[in-house]
Amino acid sequence: VINEERPAHRALEPASHRERRRSKRPIVLLVGNPNTGKTTLFNRLTGENAKVGNYPGITVERRSGKLELADEQGTTTAVELVDVPGCYSLSARSSEEQIALEAVLGLDDFPAPELVVAVVDAGQLVRNLYLVLQLAELRVPFVIALNMIDESGPDAPRPEAIARVFGVPCVATDARRGAGIDGLKRAVRSALASAPVSSVGLDYPDALRTPIDRVAEALPPAWRGSVERDRALAMWALNSVEEDDELTGIPAELRERCAAAREQAAPRDIDLEIIATRYGFLDQSAKQFYQRIDPHPPKRRLSQRIDRALLHPVFGFAIFILVMLVIFQSLFAWADPAIRLLEDAAGALAELARARLPEGFLRDLVSEGLIAGVGNVVVFLPQIALLFLFVGLLEDSGYMARVAFLMDRIMRALGLHGRAFVPMLSGFACAVPAILATRTMERRRDRLLTMLVIPLMTCSARLPVYTLIIAALFPPTLLLGWLPVQGLLMVAMYLFSIAITLIAAAVLGRTAVKGRRVPLILELPPYRMPNLRTIARSVWERSFVFLKEAGTVILVCTIVLWALLSYPKPDPAAIGTTAPESRTPSAEHADQALAIEKSFGGQLGKAIEPALEPLGFDWKIGVGIIGAFAAREVFVSTLGLVYGIGKVEDDALPLRERIKRETDASGRPIYTPLMGLSLMVFFAVACQCMSTLAVVRRETKTWRWPAFMLAYMTGSAYLLSLLVYQGGRMLGFS
Amino acid sequence: MTLDEVSLGQTVRVERVGGERAFRRRLLELGLVPGTPVQLVSVAPLGDPLELLVRGASLSIRRAEASSVSVARLEDSPSSALARPAVELADAGCARGAP
């Protein structure tokens, strides 16, 4: 179910687009393991001008920026530096992991790079050099940035020795402090001219020779190059291809030969033979890199001491809960002033447009559609910025990996990744930033499953709806003399949403997003001081991408919803005949109510009334539900318009009083406690939020998943509300 | 003995990595080739997963998967094994993998 959409996407990309990309500046790739300071180095090298795009057809982001290289004469050449997603090896199981190989070799639609910069963590040299060795064997031109050299102290590995072993330049850097950056730039500039290619050759076991050659013969023509490159690619295929992998562009012949080679080799393990030979070479070479090998570098010792507190069964969880509380509180409460400010600004701007523009369609479109739509978009920015600030701090400091470590046992029971915890928690404030934060998970299956269940958490937009219903329909009495009924109901709604989320995760994880569960392998990087510049940049990039890509969808939806509830305009004869100045507010409100009843939205509400009746709702609530698609809390203000009360601001008292009096044709009240319960269940489960759908579309690059989300959530909401209302009536409640 | 049976703080040597192929390959690529010393550093407060120290890096895997990694006790005490350079121990493993 997971990766099949890729070829179609590729076909959609116009050829001219590809050409343009090729003809641009020479491309230099930044490749390295996760947690090597690659992003910080990227920011150091490119200054302030990164672009965030996407790799062709897949949801992995492609960050690129201009790297300017000056020579001694002062002339500068510019190259495009591309940040390749961090990986431990080029071998791959999924098309996402395959990006690294394709980008390095310029396969398929990927523009061929002129040079690769391999970033390695000096503190974990041998493991980092595994990836470097793969580059060397592929005979791509590269230079090595020996990063985080500051953390290794006096026992730091020597770059000259590494350069000697691989036969390519190696420069020591400390991206956090900016040391060695100029040296790296110089090395890159001269390497662009000389294209240093390694000539490393490993002694693989003789038994591997035949299978490697057999597999190399079946490589696609576009992949082929020197004999060494073909052999390296054959080993890549032997390591990567298996029956149920999710790789793309592997010819059937190549698959068959890989399978045959593995079968013939049994009981020997080709994977082990290849990987062990490489580590054998690296371990041997490592003796030259160091004066003395310290298996417990100082950085690691410090981290272990910190972990003793932060992973402690009691203190560890206490600190964890505290950190999570701060994040949650900030999203829930601290973002509020900024949100209000943006809302007020949008309101003032709409007023201004209303006052300046001549009466008519354009005025309404600008003030009620366009400006309201922009307001609906920017209102998310404070929470997005705050959440990504925290995610950045957690990731950069190394604590996020500990969150996954602490919570894995619990999250695994739900079929979710440990890293899903922070996004899920954020879902209690707002699903939009929470869905954007699922990026912290590497695998698409984990991301998708988390995204699909996040909107079930009780977000803050549901609270005005719950508050209205609870305050209007349930008595402020105490149960058993001490339990407040209203507060209890609110707590019940939270518990209900958590239960529904867990059930949905369990069900969807076994059905819609099956995919294979890959066993957890989590690296716990050493604790480091977060780099504020890197975090600030990521906050800015995330906000910008949201504005650009999800913002347009939200804007269009707002305008469509506005048009639905405003058109067609009622016959002027039907509404108040008196001059506007002499109209009383209540007459104006009655006009508004009439206008909304006659609008497309009103007609739609009436059309779906038969479907809503079994849940206990009438067409007016139907209109409210349609309006709530802009954002759940809009339900309250739409109801205010429908009932002719006018704008419902913070004080919903008149609306509460009004709905209590509402009766159906036979004179029975519509708003009963049972109906209120049914309505709250509906709001808890239904996907009443176009912004959520817009960000899911942005993160999955397809409309299929947002459509699925809308269908599964709103479908379940309908069934559950039906169950509550009809079940309640059968039990004799009203 | 398998990796999930190691006691806290003990250092052992990898003998064989079993389990599902993708998982096995990933562990090998992270440096858990036969012969590599591995120390069980800590266990998550809820009993799972485990934190291992491999080649100077902390890796975390679950008990269920750790049970598919066969390990052998080091003849000498853990503390002196850690003081020895990792390379010497790893050589033995790669000789087995690459005759």
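This is a predicted model, so every value here is computed, not measured.

1. Concerning the overall build of chain B
Here is step 1 of the chain: Helix and strand content of chain B: four helices and five strands.
Here is step 2 of the chain: For chain B, the α and β elements follow one another from N to C terminus as β-α-β-β-β-α-β-α-α.
Here is step 3 of the chain: When the 99 residues of chain B are sorted by exposure, 63% land in the buried category.
Here is step 4 of the chain: Carbon together with sulfur atoms contributes 53% to the accessible area of chain B, which is approximately 3,400 Å² in total.

2. A short note on the overall build of chain A
Here is step 1 of the chain: Looking only at helices and strands, chain A has 32 helices and 10 strands in total.
Here is step 2 of the chain: In terms of C-alpha radius of gyration, chain A reaches 30 Å, essentially the compact-globule figure of 27 Å for 734 residues.
Here is step 3 of the chain: Once the C-alpha set of chain A is aligned to its principal axes, its extents read approximately 90 × 60 × 50 Å.
Here is step 4 of the chain: A burial count over chain A gives 55% of its 734 residues as buried.
Here is step 5 of the chain: When the accessible area of chain A is evaluated, it comes to approximately 30,500 Å², of which 62% is carbon and sulfur surface.
Here is step 6 of the chain: Mean positive and mean negative side-chain charge positions of chain A (81 and 76 charges, respectively) differ by 2 Å.

3. Considering the packing of aromatic side chains
Residue and element names in this part refer to chain A.
Here is step 1 of the chain: Per the stated rule, a full pass over the model turns up 17 aromatic pairs over all chains.
Here is step 2 of the chain: Judged by centre distance (5.9 Å) and plane angle (65°), the ring pair of Phe-361 and Tyr-567 falls under edge-to-face. Placement of the pair is Phe-361 in helix 15 (residues 361–378) and Tyr-567 in the loop between helix 23 (532–566) and helix 24 (585–598), with a sequence separation of 206 residues.
Here is step 3 of the chain: Look at Phe-682 and Phe-683: their rings are 6.5 Å apart centre to centre, the planes differ by 75°, and that puts the pair in the edge-to-face class. Per residue, the accessibility class of Phe-682 equals that of Phe-683, and both read buried.
Here is step 4 of the chain: Feature note: the residues Phe-617, Phe-635, Phe-682 and Phe-683 constitute an aromatic cluster, connected by ring pairs.
Here is step 5 of the chain: Cation over ring: Arg-402 sits above Tyr-527, and NZ or CZ is 4.1 Å from the ring centre.
Here is step 6 of the chain: Positioned above the aromatic ring of Trp-619 is the side chain of Lys-606, whose terminal nitrogen or guanidinium carbon lies 4.7 Å from the ring centre.

4. A few points about helix 22 (residues 485–510) of chain A
Here is step 1 of the chain: For helix 22 of chain A, which comprises 26 residues, the first-to-last C-alpha distance of 37 Å matches the rise-based estimate of 38 Å (1.5 Å per residue) to within 8%.
Here is step 2 of the chain: Taken as a whole, helix 22 of chain A has its buried residues at Val-485, Leu-489, Met-493, Ser-497, Ile-500, Thr-501, Ala-504, Ala-505, Leu-508 and Gly-509 of chain A.

5. Side note on helix 9 (residues 227–240) of chain A
Residues and elements named next belong to chain A.
Here is step 1 of the chain: The first and last C-alpha atoms of helix 9 sit 20 Å apart over 14 residues, in line with the 20 Å expected at 1.5 Å per residue.
Here is step 2 of the chain: Extensive coverage of helix 9 is indicated by the burial of 11 of its 14 residues.
Here is step 3 of the chain: All of the buried residues along helix 9 are Arg-229, Asp-230, Ala-232, Leu-233, Ala-234, Met-235, Trp-236, Ala-237, Leu-238, Asn-239 and Ser-240.

6. A word on the pairing of strand 3 (residues 50–54) of chain B
Residues and elements named next belong to chain B.
Here is step 1 of the chain: Within strand 3, five of the five residues are buried, which leaves it mostly tucked inside the rest of the structure.
Here is step 2 of the chain: Bridge count between strand 2 (residues 37–43) and strand 3: five bridges; the pairing is antiparallel. Bridged to Leu-40 within strand 3 is Leu-52.
Here is step 3 of the chain: Between strand 2 and strand 3, which follow one another and run antiparallel, lie six residues, and Gly-47 among them has a positive phi close to 95°.
Here is step 4 of the chain: The pairing of strand 3 with strand 4 (residues 57–61) spans five bridges and is antiparallel.

7. Re unusual backbone geometry
Residue and element names in this part refer to chain A.
Here is step 1 of the chain: Note that the residue after Ala-266, namely Pro-267, is joined by a cis bond; omega there is 5°.
Here is step 2 of the chain: Each neighbour pair has its own omega, and for Tyr-567 with Pro-568 the value is -5°, a cis peptide bond.
Here is step 3 of the chain: Position of Pro-568 relative to the elements: it lies in the loop between helix 23 and helix 24.
Here is step 4 of the chain: Not every positive phi belongs to a glycine, and Asn-35 is a case in point at roughly 60°.
Here is step 5 of the chain: With respect to the helices and strands, the residue Asn-35 is situated in the loop between strand 1 (27–32) and helix 3 (38–46).
Here is step 6 of the chain: The phi angle at Arg-139 is positive, at roughly 65°, despite the residue not being glycine.
Here is step 7 of the chain: By secondary structure assignment, the location of Arg-139 is in the loop between helix 5 (125–138) and strand 6 (142–147).

8. Some thoughts on the confidence of the model for chain A
Here is step 1 of the chain: For chain A, the average pLDDT comes to 86, and 92% of its residues sit at 70 or higher.
Here is step 2 of the chain: Predicted confidence is poor over residues 1–23 of chain A, with pLDDT under 50, and the contacts of this stretch with residues over four places away or in other chains come to 43 contacts.

9. Considerations on the interface of chain A and chain B
Here is step 1 of the chain: Contact with chain A, which involves 55 residues of that partner, is made by 46 residues of chain B.
Here is step 2 of the chain: Buried area between chain A and chain B, both sides added, is near 4,500 Å², and the carbon and sulfur share of it is 60%.
Here is step 3 of the chain: At the surface where chain A touches chain B, the tally comes to six salt bridges.
Here is step 4 of the chain: Among the salt bridges present, the one from Asp-269 of chain A reaches Arg-24 of chain B, with a minimum N-O distance of 3.3 Å.
Here is step 5 of the chain: Where chain A touches chain B, the interface holds 18 residue pairs in polar contact (both at pLDDT 80 or more).
Here is step 6 of the chain: Breaking the side of chain A that touches chain B down by element, the ones donating at least two residues are helix 5, helix 9, helix 11 (270–289), helix 12 (298–310), helix 17 (399–413) and strand 10 (521–524) of chain A.
Here is step 7 of the chain: Examining the composition of the side of chain A that touches chain B, we find that 12 residues originate from one element, helix 11 of chain A, more than from any other.

10. Digging into the packing of helix 20 (residues 444–453) of chain A against helix 22 of chain A
Residues and elements named next belong to chain A.
Here is step 1 of the chain: Relative to each other, helix 20 and helix 22 sit at 140°, their axes nearing to 9 Å. One element, helix 20, and the other, helix 22, form an angle in the oblique class. Two packed elements cross with a definite hand, and for helix 20 against helix 22 that hand is right-handed. Where helix 20 approaches helix 22, its residues Arg-445, Leu-449, Leu-452 and Val-453 are matched on the opposing element by Thr-501, Ala-504, Ala-505, Leu-508 and Gly-509.
Here is step 2 of the chain: Here the contact of helix 20 with helix 22 is composed, by residue class, of six nonpolar, two polar and one charged.

11. Some remarks on a nonpolar patch on the surface
Here is step 1 of the chain: There is a patch of nonpolar side chains on the surface, built from Leu-479, Leu-480, Trp-482 and Leu-488 of chain A and spanning about 460 Å² of accessible area.
Here is step 2 of the chain: Residue position: Leu-480 of chain A is located in the loop between strand 8 (478–479) and strand 9 (483–484).

12. Some words on the sheet that holds strand 2 of chain B
Here is step 1 of the chain: Reading across from one edge, 10(A)-4(B)-3(B)-2(B)-1(B)-5(B) is the order of the six strands in this open sheet, with antiparallel pairing throughout. Only two strands of the sheet have a single partner each, and these edge strands are strand 10 of chain A together with strand 5 (69–73) of chain B. When the angles between neighbouring strand axes are averaged without regard to direction, this sheet yields 40°.
Here is step 2 of the chain: The sheet contact formed by strand 10 of chain A and strand 4 of chain B spans four bridges and is antiparallel. Its bridge partner lying in strand 4 of chain B, Ile-521 of chain A is registered against Ile-61 of chain B.

Cut-offs applied
Think of each chain on its own: its residues are numbered from 1, step by step along the sequence as written. Whichever chain is written first is A, and whichever ligand is written first is 1; the rest continue in order. Per-residue local features of the predicted model are confined to residues with pLDDT of at least 70, and side-chain atom pairs are confined, for both listing and counting, to 80 or more; whole-chain, interface and lining totals are unaffected and use all residues. As a rule here, side-chain values come from all non-hydrogen atoms in the structure, and water together with hydrogens is ignored. Starting at the N terminus, helices and strands are each numbered in turn, a helix being any DSSP run of H or I of at least four residues and a strand any DSSP run of E of at least two. For every residue, the accessible area (1.4 Å probe, protein chains only) is compared with the maximum for its type, and the residue is labelled buried under 20%, exposed over 50%, or partly exposed between those bounds. Per-residue and other accessible areas follow the Shrake-Rupley method at a 1.4 Å probe size, with only the shown protein chains counted as cover for residues. With C-alpha atoms as the basis for the radius of gyration, the globule rule is written as 2.2 Å multiplied by the number of residues raised to the power 0.38. None of His or the chain ends enter the tally, which takes Lys and Arg as positive and Asp and Glu as negative. All charge positions are set by atom: Lys at NZ, Arg at CZ, Asp at CG, Glu at CD. Side-chain rings of Phe, Tyr and Trp (the six-membered ring for Trp) are treated as a pair once their centres are within 6.5 Å; stacked means planes under 30 degrees apart, edge-to-face means over 60, and tilted covers the remaining angles. Placement of a positive charge over a ring is assigned whenever Lys NZ or Arg CZ falls within 6 Å of the ring centre and within 35 degrees of the normal to the ring plane. The span one expects for a helix is its residue count, reduced by one, times 1.5 Å. We treat two strands as partners when DSSP finds at least two bridges between them. Note on scores: pLDDT gives the predictor's confidence for each residue, bounded by 0 and 100. Any pair of residues with heavy atoms lying within 4.5 Å of one another is described as a contacting pair. Computed with a 1.4 Å rolling probe, the buried area is the accessible surface lost when two parts are put together, summed over both parts. Between Lys or Arg on one side and Asp or Glu on the other, a salt bridge is scored when a side-chain nitrogen of the former is within 4 Å of a carboxyl oxygen of the latter. Distance and chemistry together define a polar contact, namely a pair of N or O atoms within 3.5 Å, with one atom able to donate a hydrogen and the other to accept it when in protein, and with adjacent residues in sequence counting only for side-chain atoms on both sides. For every element, the axis is a line fit to its C-alpha atoms; helices are fit only across the contacting stretch, and the angle between N-to-C directions ranges from 0 to 180 degrees. Note that the term roughly parallel is reserved for angles under 35 degrees, roughly antiparallel for angles over 145, roughly perpendicular for angles of 65 to 115, and oblique for everything else. Should the near helix be turned anticlockwise from the far one by less than a right angle, the crossing is left-handed, and should it be turned clockwise, the crossing is right-handed. Just so you know the grouping, Ala, Val, Leu, Ile, Met, Phe, Trp, Tyr, Cys and Pro go in nonpolar, Asp, Glu, Lys and Arg go in charged, and all remaining residues, Gly too, go in polar. Here, patches come from residues exposed beyond 30% relative accessible area and free of salt bridges, joined within 9 Å for like charges and within 5 Å for nonpolar side chains (Val, Leu, Ile, Met, Phe, Trp, Tyr).

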